[in-house]
Each structure stands twice: as C-alpha cells, then as structure tokens.
Amino acid sequence: MTALLRTSLRFARGHPLQVALLVLGVALGVAVVVAVDLATASARASFASATETVSGRATHQVVAPAGVTVDVYRRLKLTVPECAPVVTGTVTVVGDGHAMRILGVDPFAEAPFRGYVPRTVPDLGGFLTRPGAVFAYGRKPGDVLRVAAGGRVARLVVVGTLTSADLADVLLCDVSTAQEILGMTRLSHVDLRLEHDLENVRALLPPDARLESARQRAEGLQRMTAAFELNLTAISLLVLVVGMFLIYNTITFFVVQRRPQLGILRALGATQGEIFVLVLAETCLLGAAGALLGLALGVALGKGALSLVTRTINDLYYTVPAGGLLISPWLLLKGILLGVGAAAISAVPPALEAARVAPAGVLSRSELERKAGRVVRWATAVGAALLLAAGGLLLAPGRRLDFAFVALALGLLGAAFMVGLLGGLLMRAVTPLATFLGGAPAAMAPRAIARNLSRTAVAMAALMLAVSSIVGVQIMVGSFRATFEAWLDVTLAADIFVSSPYNRVSHAEGFSRAVAGKIRSVPGVARVETARNVPLETPAYGHIQLFAVSDAGSQGHRLAAGSIDGFSSGSVLVSEPFSWRNGIKPGDTITLPGANGPVQFPVTGVFHDYATERGAVMISDDRYRRHWREPLITSVAVAVAPGANVEEVAERVRARVAGAHLQVRSQKGVRALALTVFDRTFAITSALRVLVAVAAFIGVLSSLMALLLERVREIGLLRALGMTVGQVWRLVLLETALISSAAGLLALPVGAGLAAVLVDAVHPRSFGWTLAFVPRVSYFVEAFVLALSAGLLAAIYPASRFAAVPPGEALRTE
Amino acid sequence: MSNAAAVRLEGVAREYVEGGERHRVLHALDAVFEAGRFTALVGKSGCGKSTLLNLISGIDAPTEGDVWIGDVPITRLADRERTLFRRDRIGIVFQFFNLIPTLTVLENVTLPQELAGRGRRDEAMRQLERVGLAGRASAMPDRLSGGEQQRVAIARALAHDPDLILADEPTGNLDPETGAAVLELLLEMTRAAGKTLVMATHSLDILPFADAVFQFSGGRLVQ
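Residues numbered from 1 in each chain as written. Chains lettered and ligands numbered in written order. Predicted model: local features only at pLDDT ≥ 70, side-chain atom pairs only at ≥ 80, totals over all residues. Heavy atoms only, no water.

**As for the overall build of chain A**
We apply this condition: Secondary structure elements follow DSSP: runs of H or I of four or more residues count as helices, runs of E of two or more count as strands, with numbering from the N terminus. When a residue's accessible area, from a 1.4 Å probe over protein chains only, is under 20% of the maximum for its type it is buried; when over 50% it is exposed; and in between it is partly exposed. We call two residues in contact whenever any of their non-hydrogen atoms come within 4.5 Å of each other. In this description, accessible areas are obtained by the Shrake-Rupley approach with a 1.4 Å probe, and a residue is regarded as covered only by the protein chains that are shown.
The helix and strand tally for chain A stands at 25 helices and 21 strands. Across its three principal directions, the C-alpha atoms of chain A cover 95 × 65 × 50 Å. A total of 814 residues make up chain A; the buried ones form 56% of that total. A separation threshold of at least 6 residues defines the contact pool for chain A, and within that pool the share at least 24 residues apart is 82%. Taken as a whole, chain A presents about 32,000 Å² of accessible surface, with 63% of it coming from carbon and sulfur.

What follows is the structure, encoded as structure tokens:
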C-alpha cells in the first residue's frame, strides 16, 4: 500500500493547483455548515444561558395571561417556602434603540433563586429606596439611562454592577420599580422551587393562572426559532451538497487522468480492492485537509453569521443577548466528520471506476468514450426515475416537510444525471451554427465536447447543479419579497401610522389609547383605527401573537379562507401559519387563556400574515379589552380625508402627539422600514448564496482546467498539424464557453424547479405561508452570465499553457 | 507540375537544458535535401533524428542556424507564420500515428484542412481510397490495426497537397511485413506526386530505396 500511496503523492505533487482547488472546495462546504452551526448554537446557548441566569434556580413558574395578582403570590407564599415574585418586561434604551430586559425582584425572597440579587445592607439601600434604581452590567454606579416602555420614558440610575455577562441585557431592580417602569400593576410570574405538591399548588391558583415547569417554558420559547434554524441549516447543507458534487467531479478527473497509471498498477499486480481503497484513502486525506481548513474558515465566518442570526432572532422572535461565538468541540468534530464523510461519499463512484480500470493497454480512449455513451443512457434513465420519485414525494399526502427536502435532493440529483444526454444533444444542435459562424475550426469545439462526454458531462453537471442552486434560492427569496411587498400594499391601507419608534416584530411597545382620541380631532383626519399587538403564551398553541383591531375590515388583510362575518360579534381570524401549524380552519373553535381563565373563540377566517411565522390570532378590540383587561394600544392607523394633503396632516398629528415619544410615519415610510427588516432577515441567505457561487466557481475552474490540461498532447498534435496559437485560444475559449453555457442553460429550468419546491412545498410546510412564485428574468440572466464567466475564466490558464508549450514538447511520448 | 521544395540546413544546432545541464543534440548541421527526392536520415535511437525533423517542420526552433524550405527561411518566421507554413506546405507522418482517438478516420484526414478553414472531404476520401481505407472512413482509430492507422496518417499527411513530407520512423511501431507495405505505399504516393520526402529511420532496410542517405554521428550529419 505504501508504494501505491507513493504514486498518489507524486501525482498530487504534479497537479498542485487541482489538489488545492479540491481542498478549497471541501473547505468552503465545511466552513459554511460549521459557521451556520456555530452561529445558531451560539445564539441558542446565549439565550439558554441568559434565561437560566435570569430564571435562576426556579423549578416552576406560575403565569397568567394578564399577569399574576399579588393576592395569588401571598397565597402561594403561605404554602410554598421558596417562592419569589418577578416583574419582567422589555424596554428600549432611548437613543440607540437597544432592547433590554427589566427584571424586578424582591431581594428578601431571592435567596433560593438568584445569587446576584443584592442582599447586603449597603447594596440594598439604594436598590430599595432610590426611584429608578437599577443594577446593570458594564455600567458604574451613578450612570443614568433613559428607557422607553408603554409610551413613556423612564429615567433610571445605576446603583450597582452586575458581574455576569449573561446579564448584559438585564436591568435588575425592585419589583415596584419594575412595575412603575412597565406600567404594570400585577406580577409577570411567580418563581417557585418545588419537588412535589404540584397539585396542591395548582389548587391554590385562580382559573386564569397556570403552573409550568421553568425548563419547559424556556424550551418552548426556543422552539419558536426551530423553523428559521432548520431552513438556515438546509441552505448551508445545500452548499455542502454542491461541494460534494464538486469533489466527485474533481476526483473523477483525477481517476481519468491517472487511468494509464492505474492500468499499469493493475498490470503489475495491484488488486481492484487495493485501487478502490487507494482512491478512497487519497480523497479522505484531502477531505481531512479541506475540513481542517474549513473549520478555521468556519470559525471566522461564524462570527459574521452569529451577528446576522442574532439580529434576525432579535428582530423576529425574542431578545438574545449579544454573546460571543461558542466554539463547541462537538461542532468542530462534526465539521471534520462532515468534510471527510462528504469527500468519502463523493469518492465512491470514481473509486469504483478506478478499480474497474483494465490492466494497461487494454482499454483505449475511444472505447472509454463508447462506454461513456452507454453510461449516459443509463444515467438518463436513472435521472428520470429520480425526478419521478421526487414528484411522487411532493404529491404524497400528509404534506411532510422531510419529504419536501428529500424530493429536493432527489430532483437535483436526477437533473444532474440527465446532463450527459441533454448536453450531448445541445452540442449536436450547436455544431451547424458553429460551422456557419466560424467554419470547420469552430465546429471542432462542440464536436470535442460531445466526443469527450466522459469528462465534459461531469463538469457540465457540477456547474449546472451549482448554478441551479443559486437561481433556485434567488427566486425563492425574490418570490417571498414580492409576496411580502404585495401583502404590504394591501395591509398598509392607511395614510399615516403612529407607533413607538422602538417596535420590532418580536416586541411591540404599547401606549395609551388616549392618543387615538387626540389624533381623531386633528383637522384632515377622516378615520382612526387602533391595533394592539401582544405576544401570548398559550398551552395549546405555544407562543403566538394576539392582534386586537378596532375594525378588521379596514385593516386590509386578505383572507386565504373564510370571511370576516361574525368578527365584531366575537369570532376571530387566525393567520395562515397558525392554521397550518394547528390544523385550524374556518368553523373550528380555539381556546385562548384570558384574564379570567380559558376563553373559546369561533374561527371565521384565515388571513395572510407575513410579519411573523409564529402564528397570530386577530380579535376585535372590544373583545380583547373584555378578556384581557389591558388598556394599551400598539399603533394608530390614520386615513386622511379626501383632498387633504397627507404630509400636512402628518405634521399636525406629529404636533398633537409630541411628548408621547411616538413616531408618525407615512405609509411609504412604514413600507420602507418593513422591507428593511425583511432584507435584513435574508441577509444570511444572501451570504450563503454568494458562498455557493464561490464554491461553484472553484469547482468549475478545477474541472474545466483538468479537462483541458488532459488534452495537452492532443493540442500539441493540432499545433504540429498547423493550428495557430490564436486558433488554440479560440478553440479552448469556445469549448469552455459551450460547456458553461450548456450548464447555465440547463440550470435555468432546474433552478426554477428547485425554487418551485422551496416556494410551494418547503416554505408552506415549514412556516405555513402561501407565497407567490415570481421568477424574474433578471435572475436567469445573472445566473447564465455567472456560468459563462466561470467557464471563460477557467479557460485562461489552460489556453495560456497550451500556447506556451512548444508543440514538440507536448508531443514527446511519456 | 510538382511543387516540391528543397530543404537546406545552415549551421543548425539544438541544445536542451535538463536537470541544470546543457545537452547539445545537434552540432552545426549543414546539408541540402534535394527537391522531389527521398532523403533518409539514419542513426541510432536518441541521436537527434526526430529533433531535426521537428526543426525542419517548425514544430521546434534551433538554438543556432537556419532552415530553408524552398526559398523560405522558416527559422526566421514568427511562430504564427511558421505554423501556417507547416499547415499549408508540410505533411507529417509520426512514428506513433498520432491520430485523434475521438475523431473518425475521415475527420482525422481532413483535420489539417479544417484548421485552414477548408473542409475538402472529397480530397480526403481520394487519399483514403489510395491507401485502401475508403470503406473505413467512419471508423474510430482504435478499431484499426497499426498498419491501417499509419495508412490513415499517410493520407492525412498528403490530403492538403504539401510541398514536403516529413516521416519520423513511420514503420518503427509496425511489424516488418506491415512496415514494408506502409513504406512502399508512402514511397509510391510521394514519388507519384513528385514530393520531397525526408524520413528519419534506424532501419537499414530502407536505405536501398533512398535517393540520398545522411547518417547521424555524434550530433553531426554525414552524407
């Protein structure tokens, strides 16, 4: 085996560029997967750590939709020795818009729960007595903070320092201080330490309150991002799959180039098994090198990915403290195994081919191409079967998400298998045109491609796969954006919107509804509608958004099913994600936890909602106030009277609400903000798409170069027979242009198909959204140009090498 | 009328650098190979025969000296002109046939003409008929025997009506019987057309057929 490995080493030393490109391809695939893994794991760990630190050692919590009354706490305190009240909520720092969590506690009850709560006299003094006193991380006593909450701005003074970085986004204060800041009269929840007596404790609770495990609550919150993380992981795996195909491509070329050498080794006595193991071992070694490089790249990329992931989670789901990248040894090991594993799997087919190389001199090149012709026919049949299987999975009842992903993989593989036949047909079709345009020398290019299918088909398939992935993801994101824009056009029906400047999808600031009354009296205002947008924890449906509106009809929501009949008399509308996730349709009844206990609501319709995939319920404002007794609103939508100037009315509204720390935006401004958040959400997807493009570029560069460099002798012969250097350049450029154009053309329908699966199967089954399919021409043009550019750039080195090597040297027999 | 060209060597020398050392293969050769005649270059393997043919064809360039073909000093031409000259006026028959394995027999024969932008299939078929392989025009090279492949190579070398035919050990890879048949064919076709034929060989059996014989000895030519 040592002797065999020596031949491999010599070969690798003779082809350093190809080896480097292979290693880089593996590294890129591993880097992307590792970066996404590290980012999501770090965000999750950061959240878990922060939640654990904030929850302390509580085993259970008593919660209620409208808050837990102090009476309930007192009752619990009599029965449960380890019991502490907690007031918590989100505030926004005035100026930088940074979200922070207010944690209001009773220091005298905190001993069993949180060790960082001050308990000594000097610390307690200011904590309990000074108005707006807080402990904070990274700030010193005396620092002043202004925070916005509930439409008011509170002035906080730092009286002590928190030392744990997990509390970086926490402002610790007394319960009553927290209530004052947040405008609450009740407690957010009560922490308990319980080992048994759960039923006794439950018996003490009023109908609207629940006893829950602290760990399960935290896990439930984390599950909100499951779909987002799954899709991110899927796209990162797509990069790895593209990388795997490129590895297969490159190793195939290595085998093909070493065919004479392998034939000699077989003739000298190397067994088929030894050759198989040799090729596999080589690839695993290169894969390991690529994986190690990929780990380093992945950690570097992970930092960038973490900030994108954290920002998206903060925007859409919940507050995650900005933690550092958590480099887990398990994730690094997973990255290495993934790189080596991907290389090994990709190497199996070419290793089998290498093992089947006949002993030296038996198999000629044209026999090889005849074999390739038969393989192409077989591969086409397999490809068609895979495409049919993919179709079957997509149409299978149950609308399963895993089926959709598998169908995606099978579809891409199936298309790749068919490239040989389709590419050959394209070349035959192009030959007459080439002859017409450039005479016999031009016709040599498509002829060479069709006659060297054992090489050209592999290169074409690899490039096709990569370009189709780029097209597919781009169409998916573009379709989503187009759907989102169309939805905004409908839902943003008012002319002016008034809300807190610090609203995010994950957290909407409330303010007094008296503001709506003030706005109604502004000259030029025709109509005013209010809305309240609050997160609601439900036993049956998890974390949802409750959307209370004064008039469903005026909100402009398009319905996916049902109607708004009965909305004003107590029926509700549910969003598409809610309907999908919980199997709820018009005519069903849902139960939500109200302030006085569970309340049932008939469902009258399903509305499109792309603001959050969490699931939302739309209820009338008066029903909301009746069942949740919460007086705040989140936004005011203003319709301007016909003929009135919108800007002038907006100025008047601004003047009327001055001092309330609210923002008055035109419809255009709100739309622009929504699209900014949308684009930010897909920033990481766009980054991954760029990396797919880079991986594709590297792969096609490697395979086209190998394809051409293998023909040094043939080109030398053509030069000896009278081909000029200029003709060599034109031949090489035309060949690579044809290969990459064919790949680019074939990638367009495959990419569209990939996008269709993402839009019509993966997204609805992940998030419950219905998206329009919007394949813009520009996406296809860009992808085709990318493919063509990759091909032309790949031609430069081989063409210049051919031109530089004298024909006599190229013709020398080995 | 014959378009044969004479070949004139003036002080032609060629050296290579390998492993940091200079190797002088050819030492200041001076010779004339007459137009329309068959000149044999004889010598042991590795003496420089193929090198000289490469210099004459313009595939390679000498370190010193000039090569004239007719009244054209090809060594003074730029690479492009030299290539065009070779394409239009020289036919080459290699020892190892050097047919393109993924092209048919006919396509191999028309290759030089295709490079010149001319696809004269009729002339190519005529040459294939002359070498007795018109019926194998659509076959792939690996389906032919060694002798048949060399006959295709001869047809390729003549299809574009060159002035000069260079043959580098054309029978070196064939058994004696086949080699003799190929040699006879080559001589017949070049003599019939009045072409200049320069052949490198280590086989002394060819010498009786040559109009002139030059022997390689220590990198020099002796007639």
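So that's the structure; there's more coming.
**Considering the sheet that holds strand β2 (residues 21-33) of chain B**
Residues and elements named next belong to chain B. For clarity, the cut-off: Strands were regarded as paired on the criterion that DSSP finds at least two bridges between them.
Spatially, the 4 strands line up as an open sheet ordered β2-β1-β4-β5, and their pairing is antiparallel. Of all strands in the sheet, those bounded by a partner on one side alone are β2 and β5 (72-73). Summarising the sheet, strand β1 (residues 7-18) and β2 pair through 9 bridges and their orientation is antiparallel. The residue of β2 that forms the bridge with glutamate 15 is arginine 24.

**A few points about the state of the cysteines**
The bond known as a disulfide is covalent and runs between the sulfur atoms of two cysteines. Residues and elements named next belong to chain A. Let me state the cut-off plainly: Two cysteine sulfur atoms make up a disulfide if the distance between them is within 2.5 Å.
The final tally for this structure, using the stated rule, is 0 disulfides over all chains. Free cysteine: cysteine 83, not disulfide-bonded; nearest cysteine sulfur from cysteine 173 at 19 Å. The buried category is assigned to cysteine 83, whose relative accessible area is 1%.

**Quick word on the interface of chain B and chain A**
Accessible area lost when the parts come together is the quantity often used to give the size of an interface. Condition: Defined here as a combined quantity, buried area equals the accessible surface (1.4 Å probe) lost by two parts on assembly, summed across both. Any Lys or Arg side-chain nitrogen located within 4 Å of an Asp or Glu carboxyl oxygen qualifies as a salt bridge.
Listed by partner, the interface residues are 29 residues for chain B and 30 residues for chain A. Of the roughly 2,500 Å² buried at the junction of chain B and chain A (both faces included), carbon and sulfur atoms supply 57%. The largest contributions to the chain B side of the interface with chain A come from Thr102, Glu114 and Leu115 of chain B, which together make up 23% of the buried area. Between arginine 719 of chain A and aspartate 79 of chain B there is a salt bridge, and its shortest N-O distance comes to 3.2 Å. A total of 6 residues in the side of chain B that touches chain A trace back to one element, the largest contributor, which is helix α2 (residues 79-89) of chain B.

**Focus: the pattern of salt bridges**
Across all of its chains, the model carries 40 salt bridges over all chains by this definition. Glutamate 114 of chain B is the partner of arginine 447 of chain A in a salt bridge, and the nearest nitrogen-oxygen pair spans 3.2 Å. A residue pair is termed interchain when its members come from two chains, as with arginine 447 of chain A in helix α13 (residues 401-451) and glutamate 114 of chain B in helix α3 (residues 105-115). Neither residue differs from the other here; arginine 447 of chain A and glutamate 114 of chain B are each classed as buried. Here the salt bridges do not stand alone but share partners, grouping Arg481, Glu485, Asp489, Arg671 and Asp679 of chain A into one network.

**Examining empty space enclosed by the protein**
Let me state the cut-off plainly: For each structure, a 1 Å grid was placed over the protein atoms alone; sets of points admitting a 1.4 Å probe that cannot get out are labelled cavities, open sets with protein on both sides within 12 Å along at least five of seven lines are labelled pockets, and lining residues have an atom within 4 Å of a point. Grid points are joined across faces, edges and corners, and a volume is the space filled by probe spheres set on the points. By the convention adopted, Pro, Cys, Tyr, Trp, Phe, Met, Ile, Leu, Val and Ala count as nonpolar, Lys, Arg, Asp and Glu as charged, and the other residues, Gly among them, as polar.
Here the structure, examined in full by the defined rule, presents 9 cavities of 30 Å³ or more. Looking at the largest cavity, its volume works out to about 100 Å³. Taken together, 13 residues make up the lining of the largest cavity; nearest its centre are Met444, Ala448, Arg711 and Glu714 of chain A together with Leu103 of chain B. Listed by contribution, the elements that provide at least two residues to the lining of the largest cavity are α13, α22 (712-720) and α23 (725-767) of chain A. Counting residues per element, the lining of the largest cavity draws most heavily on α13 of chain A, which supplies 3 residues. Considered class by class, the residues forming the lining of the largest cavity number 7 nonpolar, 2 polar and 4 charged.

**Observations concerning the packing of aromatic side chains**
Quick note on the threshold: Stacked, edge-to-face and tilted are the three classes for Phe, Tyr and Trp ring pairs, Trp counted by its six-membered ring, which pair at centre distances within 6.5 Å; planes under 30 degrees apart are stacked, over 60 edge-to-face, the rest tilted. Consider the ring centre and the ring normal. A charge sits over the ring if Lys NZ or Arg CZ is within 6 Å of that centre and within 35 degrees of that normal.
In the structure shown here, the tally under the stated rule is 11 aromatic pairs over all chains. Ring centres 6.5 Å apart and planes at 70 degrees place the aromatic pair phenylalanine 480 of chain A and tyrosine 610 of chain A in the edge-to-face group. Of this pair, phenylalanine 480 of chain A sits in helix α14 (residues 453-491) while tyrosine 610 of chain A sits in the loop between β17 (597-607) and β18 (616-620), placing them 130 residues apart in sequence. A single burial state applies to phenylalanine 480 of chain A and to tyrosine 610 of chain A, both of which are buried. Taken together, a centroid distance of 5.8 Å and an interplanar angle of 85 degrees make the contact between tryptophan 487 of chain A and tyrosine 610 of chain A edge-to-face. Of the two residues, tryptophan 487 of chain A is situated in helix α14 and tyrosine 610 of chain A in the loop between β17 and β18; the sequence distance between them amounts to 123 residues. Ring pairing ties together the aromatic residues Phe480, Phe484, Trp487, Tyr610, Phe678 and Trp769 of chain A, which thus form one cluster. One cation-aromatic arrangement involves arginine 8 of chain B over tryptophan 68 of chain B; the distance from NZ or CZ to the ring centre is 4.8 Å.

**Thoughts on the sheet that holds strand β10 (residues 220-222) of chain B**
Residue and element names in this part refer to chain B. Applicable threshold: Helix axes are fitted to C-alpha atoms over the stretch in contact, other axes to C-alpha atoms as well, and angles between N-to-C directions run from 0 to 180 degrees.
The mixed open sheet is built from 6 strands, whose spatial order is β6-β7-β8-β3-β9-β10. What marks the edges here is a single partner per strand, and that holds for β6 (90-93) and β10. Within the sheet, the average angular offset between the axes of one strand and its neighbour, ignoring direction, is 20 degrees. Inspection of the sheet shows strand β3 (residues 38-42) paired to strand β8 (residues 196-201) by 5 bridges, in the parallel sense. For alanine 40, the partnering residue across the bridge sits in β8 and is methionine 199. Strand contacts of helix α1 (residues 49-57): β3, β6, β7 (164-168), β8, β9 (212-217) and β10, with the helix running at about 155 degrees to β7, the strand carrying the most contacts. The strands that helix α6 (residues 176-192) touches are β3, β7 and β8; relative to β8, the one it contacts most, it runs at about 155 degrees.

**Comments concerning the environment of valine 785 of chain A**
Along the chain, valine 785 of chain A turns up in helix α24 (residues 777-804). Sequence separation between valine 785 of chain A and alanine 440 of chain A is 345 residues; the distance between their C-alpha atoms is 27 Å.

**Focus: the pairing of β8 of chain B**
Residue and element names in this part refer to chain B. Going by this rule: Here is how to tell: hold the view so the strands point away, follow the path from the first strand over the helix to the second, and if it runs clockwise the crossover is right-handed.
For β8, the buried fraction is high: 6 of the 6 residues fall into the buried class. Both β7 and β8 contribute to a ladder of 5 bridges, which runs parallel. Counterpart to leucine 166 in the pairing with β8 is valine 198. Traced from β7 through α6 to β8, the parallel crossover comes out right-handed.

**Things to note about a nonpolar patch on the surface**
Worth spelling out the cut-off: What goes into a patch is any residue over 30% in relative accessible area without a salt bridge, connected to like charges within 9 Å or, for nonpolar side chains (Val, Leu, Ile, Met, Phe, Trp, Tyr), within 5 Å.
A surface patch of nonpolar side chains, amounting to about 210 Å² of accessible area, comprises Leu24, Leu293 and Leu297 of chain A. As for its placement among the helices and strands, leucine 293 of chain A is situated in helix α10 (residues 272-316).

**Focus on the packing of α14 of chain A against α24 of chain A**
Residue and element names in this part refer to chain A. Short version of the rule: Throughout this description, any angle smaller than 35 degrees is read as roughly parallel, any larger than 145 degrees as roughly antiparallel, any in the 65 to 115 degree range as roughly perpendicular, and the remainder as oblique. In this scheme, a crossing is called left-handed if the near helix is turned counterclockwise away from the far one by less than a right angle; it is called right-handed if the turn is clockwise.
Here α14 crosses α24 at 155 degrees, and the two axes come no closer than 10 Å. One way to sum up the angle between α14 and α24 is to call them roughly antiparallel. Viewed along their axes, α14 and α24 form a crossing whose handedness is right-handed. Packed against α14, whose contacting residues are Leu463, Val467, Ile470, Val471, Gln474, Ile475 and Gly478, the element α24 presents Tyr779, Phe780, Glu782, Ala783, Leu786 and Ala787 at the interface. Looking at the contact of α14 with α24 residue by residue, the classes come out as 10 nonpolar, 2 polar and 1 charged.

**Things to note about the environment of glycine 138 of chain A**
All names here are of chain A. The residue glycine 138 is located in the loop between β4 (133-137) and β5 (144-149) in this model. The class of glycine 138 is exposed, set by a relative accessible area of 66%. The spacing of glycine 138 and alanine 165 is 27 residues in sequence and 8.6 Å in space, taken between C-alpha atoms.

**A closer look at α3 of chain B**
Within α3 of chain B, 11 of the 11 residues are buried, leaving the element largely enclosed by the surrounding structure. Within α3 of chain B, the full set of buried residues consists of Val105, Leu106, Glu107, Asn108, Val109, Thr110, Leu111, Pro112, Gln113, Glu114 and Leu115 of chain B. Considering only its buried residues, α3 of chain B is in contact with α13, α22 and α23 of chain A together with α2, α4 (121-130) and α5 (146-158) of chain B. Just beyond α3 of chain B, the residue with positive phi is glycine 117 of chain B, at close to 80 degrees.

**As for the packing of helix α2 (residues 16-55) of chain A against helix α21 (residues 683-709) of chain A**
Residue and element names in this part refer to chain A. Between α2 and α21, whose axes approach to 9 Å, the crossing angle comes to 165 degrees. Between α2 and α21, the angle is such that the two are roughly antiparallel. Both α2 and α21 take part in a crossing whose hand is left-handed. Of the residues in α21, those touching α2 at Leu17, Gln18, Leu21, Leu24, Gly25, Leu28, Val32 and Val36 are Leu688, Leu691, Val694, Ala695, Ile698, Leu701, Ser702, Met705 and Ala706. Partitioning the contact of α2 with α21 into residue classes produces 14 nonpolar, 3 polar and no charged.

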